[in-house]
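Topology and contacts: notes
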Amino acid sequence: MKFFKSMTPREKSNWNKSAVLGFYTYMGLLAVNYMSSLIIGRDLFSSAFLFFTGLIITFGYEAYLNVKKG
């Protein structure tokens, strides 16, 4: 019994692209947050903001790629 349908090759490709973008988003935000911590002595972003921003970017970009034709 399958709960989810199998992903098409196009959907797999779109997921890989969005996962890479999400990873770079996390790394960029973490770098900015760390530099802020070193320079001004406090974090610029909360952990929840970092987490949800990465997730929203990843899933949002995947949805955009899946909806976009071509």
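Side chains of Val20, Phe23, Tyr24, Met27 and Leu30 sit close together on the surface and give an oily, nonpolar patch of about 500 Å² of accessible area. We classify valine 20 as partly exposed; its relative accessible area is 45%.

Moving on: a positive patch on the surface. A grouping of Arg10, Lys17, Lys68 and Lys69 is seen on the molecular surface, where their side chains present a positively charged patch. Topologically, arginine 10 is positioned in helix α1 (residues 9–40). The partly exposed category is assigned to arginine 10, whose relative accessible area is 39%.

Turning to the packing of α1 against helix α2 (residues 47–67), a few remarks are in order. Viewed as axis vectors pointing N to C, α1 and α2 meet at an angle of 155 degrees, and their least axial separation amounts to 8 Å. Here α2 runs roughly antiparallel to α1, going by the angle between their axes. Of the two elements, α1 crosses α2, and the hand of that crossing is right-handed.

Tallied over the entire structure, the rule returns one salt bridge. Ionic pairing is found between glutamate 11 and lysine 5, a salt bridge with its closest N-O pair at 3.2 Å.

For glutamate 62, the location among the structural elements is in helix α2. Look at glutamate 62: it is buried, it has no salt bridge, and the nearest opposite charge is lysine 5 at 9.1 Å.

Let us look at α1. In an α-helix, one turn spans 3.6 residues, which is why side chains three or four residues apart end up on the same side. With 32 residues, α1 extends 46 Å from end C-alpha to end C-alpha; this agrees with the ideal 46 Å at 1.5 Å per step. Among all positions in α1, only Asn14, Ser18, Gly22, Thr25, Leu29, Asn33 and Ser36 are buried. At its buried positions, α1 is contacted by α2. Taken from the residues just after α1, glycine 41 is the one with a positive phi, measuring 85 degrees.

Our focus in this paragraph is the side chain of serine 36. Relative to the elements of secondary structure, serine 36 occurs in helix α1. Residue classification places serine 36 among the buried positions, given a relative accessible area of 9%. A polar contact of 3.0 Å, which involves the side chain of serine 36, links it to the backbone oxygen of arginine 42. Discounting residues that sit within four places of it in the chain, serine 36 has contacts with Gly41, Arg42, Asp43 and Leu44.

Cut-offs and rules
Residues numbered from 1 in each chain as written. Predicted model: local features only at pLDDT ≥ 70, side-chain atom pairs only at ≥ 80, totals over all residues. Heavy atoms only, no water. Patch = residues over 30% accessible without salt bridge, like charges linked within 9 Å, V, L, I, M, F, W, Y side chains within 5 Å. Areas by Shrake-Rupley, 256 points an atom, 1.4 Å probe, with all protein chains shown as cover. Salt bridge = Lys/Arg side-chain N within 4 Å of Asp/Glu carboxyl O. Buried < 20%, exposed > 50% of the residue type's maximum accessible area, 1.4 Å probe, protein only. Lys, Arg positive; Asp, Glu negative; His and termini not counted. Charge placed at Lys NZ, Arg CZ, Asp CG, Glu CD. Helix = DSSP H or I, 4+ residues; strand = E, 2+ residues; numbered from the N terminus. Axes fitted to C-alpha atoms, helices over the stretch in contact; angles between N-to-C directions. Parallel < 35°, antiparallel > 145°, perpendicular 65-115°, else oblique. Left-handed = near helix turned anticlockwise from the far one by under 90°. Expected span 1.5 Å × (residues − 1). Contact = heavy atoms within 4.5 Å. Polar contact = N/O pair within 3.5 Å; in protein donor to acceptor, adjacent residues only side chain to side chain.

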